[in-house]
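Residues per chain are reported as follows:
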Amino acid sequence: MPWWKERVFYQIYPRSFMDSNGDGIGDLRGIIDRLDYLKELGIGAVWLCPVYDSPNVDNGYDIRDYEKIMSDFGSMDDFEELLREMHKRDIKLIMDLVVNHSSDEHRWFKESAASKDNPYRDFYFWRDGKEGKEPNNWASFFTPSAWSFDERTGQWYLHLFAEKQPDLNWENVSLRREIYEMINRWLDRGIDGFRMDVITCIAKDPALPDGKGTPYAFSPEYFAFQPKLHEYLREMRKKCFDGRDCMCVGEASFVNTGNADSLVGDGRELDLIFQFDLMDMDGRNGNKWDPIPFDLMRFKQIIDRWQQAIDWNTLFLGNHDQPRIVSRFGNTGTEELRTRSAKCLATAMYLLRGTPFIYQGEELGMTNFPFEDESQLRDVESINWLNRNRDNEEWAWRGIRAKGRDNARTPMQWDSTEYGGFSTVKPWIDVNPDYMTVNAEDEDKDEDSVLNYYKRIIKLRNSSDVFKSGTFKLLYPEHEQLFAYERCFEGENVRVVCNLSGQGCKLPEKTDGKILLSNCEPAEILPPYGAVVYGNL
Ligand code: TEU
Ligand code: CA
């Protein structure tokens, strides 16, 4: 079994993990200082969000130089020491590969924008406007139109994200070659793979046709899962990954159970994918900014469908683009419910068939941030959304408080000292005021803490192949409070029962097997967010 199926991954958002030099910004030496914490937690691999040179419009997802470490985070020497220290502790490291777009300050774009006959012109999408307006009506993830006009050459360029994130034209062979050489230089440094940013959108419909809707239309039908995508992914695998003991996990925006296998089915493209059906389930009519209550039946259906659809899933409920798990899917009404529901959600997710991805701070049960005013916002997506809804700010704020990305980006809470032990000075973004109780140092001492429960669930998962190679079977599909499933492998049987509701629940039947793990006193009635794992291990 490849290492990336065996190990539990931990996602680090470097700007908010640990500040080692007192400038209020997390950095690489700060991560080095906290590696033993990850080792004790049972982490086998880290996904490190972007640390490359960047003007930081989208917190590093706008890259100016793919092979220079952002000065805020340190130097290449710091990076190489981090990699050595991780490998010394048998922790793998995958980097973030952001090649759907670059920064507009990248030398490629500077060249490209300089003149129409510049050799780098075709590294990006330049088009003439139509009657003085955009070349087509595509909307961007972050701005109304996906096009911006450039006076210098009188043409428009495409950006699916922010204006300073122009899309790269993967049709261009020289661009692909430069990207593959960059990837290989990072792999030659000894990293263990990549998480690939919006990788399903790197091929566009060459005709760039209008989408349905006015004035602007979000048109993934013309930029996601285009035919050439598979050609590029196979070529990249051949040129970079084949013959190396490394892995690549794709952020597969717009993937579904029908086309997922085309990415991970035959090992010629990606090893793993992130799919977003759970992340998109609580937005009314698919609008993330219009949150609707948690729907357990939908939650169960989505997990069951994906456990059946592909051989190996990624298991996650949060990341740097999503709000805090326990605030969104759990219950933070009381301290007791916060800790029990955080443990219940971890039990529900991390004993499923697939590779767990824990997002920094979830192992403490960190919660959403109590925003008071917009001066506390840092995320380009949320700030743009607020600016676009000045006529209905209250509604916009409801969406930002519930789903804004800054919720996941507040500093890691290491202890109850000022700034949560993240830094000695005021951080780049405010610390969640609950750090006095929700922090690693206090939770480490408390046997019943969320942190120690995460250590136990990772230990249990690593203790038997039933959690890796075992089959998955959903139990009680119609039950309105319970999410339960069975894993079986070579005579080993495990049953996971989670009450993901705010009311006590009578167990449908007596379950044999000893209790392997539980977040409550197992009894006939499972308390709200009670979870029990039974098995004959
Ligand atoms: O995210 C892609 C993506 O789909 C997100 O925009 C997501 O839909 C949205 O943020 C949810 O609210 C990736 C990175 O994970 C994200 O941080 C970057 O902002 C984005 O790409 C552009 O690089
Ligand atoms: Ca720092």
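Counting of residues starts from 1 at the beginning of each chain's written sequence and follows it residue by residue. To label them, take the chains in the order written and letter them from A, then take the ligands in the order written and number them from 1. Note on the predicted model: pLDDT of at least 70 is required for a residue's local features to be given, and 80 or more for side-chain atom pairs to be given and counted; whole-chain, interface and lining totals, by contrast, use all residues. Side-chain measures were taken over the full set of non-hydrogen atoms in the model, leaving aside hydrogen atoms and water.

Participant: Explain the packing of aromatic side chains to me, and be specific about the residues and the numbers.
Facilitator: The aromatic pairing rule takes the rings of Phe, Tyr and Trp, using the six-membered ring of Trp, and pairs them if the centres are within 6.5 Å, calling planes under 30 degrees apart stacked, those over 60 edge-to-face and the rest tilted. Taken as a whole and assessed by the stated rule, the structure comprises 41 aromatic pairs. Centre to centre, the rings of Trp 170 and Tyr 232 are 5.8 Å apart; their planes meet at 40°, and the pair counts as tilted. Pair noted here: Trp 170 is in the loop between strand 8 (155-158) and helix 6 (173-188) and Tyr 232 is in helix 7 (residues 228-241), with a separation of 62 residues, a long-range link. For the pair Trp 170 and Tyr 232, one class covers both residues: buried. In this structure an aromatic cluster arises from ring pairing among Trp 3, Phe 9, Trp 47, Phe 274, Phe 276, Phe 316 and Phe 357. One cation-aromatic arrangement involves Arg 121 over Trp 126; the distance from NZ or CZ to the ring centre is 3.9 Å. Every helix listed is a DSSP run of H or I at least four residues long, and every strand listed is a run of E at least two residues long, numbered separately from the N terminus. Only protein chains enter the accessibility calculation, which uses a 1.4 Å probe. A residue is then buried if its area is under 20% of the maximum for its type, exposed if over 50%, and partly exposed in between. Only lysine NZ and arginine CZ atoms are considered, and such an atom sits over a ring when it is within 6 Å of the ring centre and within 35 degrees of the ring normal.

Participant: Account for empty space enclosed by the protein, with residues named and values stated.
Facilitator: In the cavity and pocket records, a cavity denotes points on a 1 Å grid over the protein atoms alone where a 1.4 Å probe fits but cannot get out, a pocket denotes an open set with protein on both sides within 12 Å along at least 5 of 7 lines, and lining residues are residues with an atom within 4 Å of a point. Grid points are joined across faces, edges and corners, and a volume is the space filled by probe spheres set on the points. Within this structure, the stated rule accounts for 5 cavities of 30 Å³ or more. Roughly 120 Å³ of internal volume is contained in the largest cavity. Around the largest cavity, the lining comprises 17 residues; the ones closest to its centre are Arg 324, Ile 325, Val 326, Glu 362 and Tyr 454. Elements with a contribution of two residues or more to the lining of the largest cavity: helix 10 (325-328) and helix 11 (335-350). Here the lining of the largest cavity is built from residues that sort into 12 nonpolar, 3 polar and 2 charged. Volume-wise, the second largest cavity comes out at about 110 Å³. As for the second largest cavity, its lining consists of 14 residues, of which Gln 275, Leu 278, Ile 303, Thr 314 and Met 349 are closest to the centre. Those elements that place two or more of their residues in the lining of the second largest cavity are helix 9 (296-309) and strand 12 (313-315). Polar here means any residue outside two lists: the nonpolar Ala, Val, Leu, Ile, Met, Phe, Trp, Tyr, Cys and Pro, and the charged Asp, Glu, Lys and Arg; Gly therefore counts as polar.

Participant: Which residues make up helix 7, and what values do they have?
Facilitator: To estimate how far a helix should reach, multiply one less than its number of residues by 1.5 Å. With 14 residues, helix 7 extends 19 Å between its outermost C-alpha atoms, agreeing within 8% with the 20 Å of an ideal straight helix rising 1.5 Å per residue. All buried positions along helix 7 are accounted for by Leu 229, His 230, Tyr 232, Leu 233, Met 236, Arg 237, Cys 240 and Phe 241. When helix 7 is viewed along its axis, its buried side chains cluster within an angular range of 160° and face the same direction. For helix 7, the exposed residues lying more than 90 degrees away from the buried face are Lys 238 and Lys 239. Here the buried face of helix 7 lies against strand 5 (92-97), helix 6, strand 9 (193-196), strand 10 (247-251) and helix 8 (261-264). Trailing helix 7 by a residue or two, Gly 243 shows a phi angle of about 85°, which is positive. For this quantity, the arc is that covered by the directions from the helix axis to the C-beta atoms. Two residues qualify as a contact provided that any one of their heavy atoms is within 4.5 Å of a heavy atom in the partner residue.

Participant: A description of the state of the cysteines should follow, citing residues and the corresponding values.
Facilitator: Whenever a pair of cysteine sulfur atoms sits within 2.5 Å, that pair is classed as a disulfide. Tallied over the entire structure, the rule returns 0 disulfides. Here Cys 344 stays free of any disulfide, with the sulfur of Cys 498 as its closest cysteine sulfur at 4.4 Å. Left without a disulfide partner, Cys 505 is nearest to the cysteine sulfur of Cys 344, which lies 11 Å away.

Participant: Describe the nonpolar core, with residues and values.
Facilitator: Working definition of a nonpolar core: buried Ala, Val, Leu, Ile, Met, Phe, Trp, Tyr and Cys residues. They are joined through side-chain atoms within 4.5 Å. Grouped together as the largest cluster of nonpolar side chains are 144 residues, with contacts concentrated most on Phe 194 and Met 236. Residue contacts for Phe 194: discarding those within four places in its chain leaves Tyr 52, Ile 94, Met 95, Asp 96, Leu 97, Ile 183, Trp 186, Leu 187, Phe 241, Met 247, Cys 248 and Val 249. Judged by nonpolar contacts, the second largest core, of 16 residues, contains Phe 142, Leu 160, Phe 161 and Ala 162.

Participant: Explain the layout of surface pockets to me, and be specific about the residues and the numbers.
Facilitator: If you add up the space inside the largest pocket, you get close to 1,100 Å³. Residue lining of the largest pocket: 39 residues in total, with Phe 141, Phe 218, Asp 280, Lys 288 and Glu 381 positioned closest to the centre. Top element by residues in the lining of the largest pocket is helix 12 (residues 380-387). It accounts for 3 residues. Looking at the lining of the largest pocket, its residues break down into 15 nonpolar, 11 polar and 13 charged. Within this model, the second largest pocket holds a volume of roughly 230 Å³. Lining the second largest pocket are 14 residues, and of these Asp 282, Ser 327, Arg 328, Phe 329 and Ala 402 sit closest to its centre. Elements with a contribution of two residues or more to the lining of the second largest pocket: helix 10 and helix 13 (393-403). It is helix 13 that contributes the most residues to the lining of the second largest pocket, 3 residues altogether. Tallied by class, the residues present in the lining of the second largest pocket amount to 6 nonpolar, 4 polar and 4 charged.

Participant: Requested: an account of the sheet that holds strand 6 (residues 126-127), with residues and values cited.
Facilitator: By the convention used here, strands pair only if DSSP detects at least 2 bridges between them. The antiparallel open sheet is built from 3 strands, whose spatial order is 6-8-7. The open sheet has two edge strands, strand 6 and strand 7 (147-150), and neither has a second partner. With 4 bridges joining them, strand 7 and strand 8 adopt antiparallel strand pairing. Residue pairing across strands places Ser 148 opposite Tyr 157, the latter belonging to strand 8.

Participant: Explain unusual backbone geometry residue by residue, including any values.
Facilitator: In this model, Thr 214 is joined to Pro 215 through a cis peptide bond whose omega is -10°. On the secondary structure map, Pro 215 appears in the loop between strand 9 and helix 7. At Phe 225, a position not held by glycine, the phi torsion is positive, near 50°. Mapped onto the elements, Phe 225 comes out in the loop between strand 9 and helix 7. Residue Phe 225 is classed as buried on the basis of its relative accessible area of 19%. Positive phi is not limited to glycine here, since Tyr 529 has a value of about 60°. In this structure, Tyr 529 sits in the loop between strand 19 (525-526) and strand 20 (531-535). With relative accessibility at 7%, the residue Tyr 529 sits in the buried group.

Participant: Please set out the site of ligand 1 residue by residue, giving values where relevant.
Facilitator: Whether a residue is near a molecule or strand depends on its heavy atoms: it is near if one of them lies within 4 Å of it. Contacts to ligand 1 come from 17 residues, most closely from Asp 58, Asp 197, Lys 288, His 320 and Asp 321. Under this definition, polar contacts are N or O atom pairs within 3.5 Å; protein pairs additionally need one hydrogen-donor-capable and one acceptor-capable atom, and for neighbouring residues in sequence, both atoms have to be side-chain atoms. At 2.9 Å, a side-chain N or O of His 320 approaches an oxygen atom of ligand 1. At a separation of 2.5 Å, an oxygen atom of ligand 1 approaches a polar side-chain atom of Asp 321. Method for areas: the Shrake-Rupley scheme with a 1.4 Å probe, in which residue coverage is limited to the protein chains shown. Expressed as a share of its isolated accessible area of 490 Å², the protein-covered part of ligand 1 is 92%. Pocket or cavity membership: a molecule qualifies when more than half of its atoms sit within 2 Å of the grid points of that site. With respect to the detected pockets, ligand 1 is housed in the largest pocket. By residue class, the composition of the shell around ligand 1 is 5 nonpolar, 3 polar and 9 charged.

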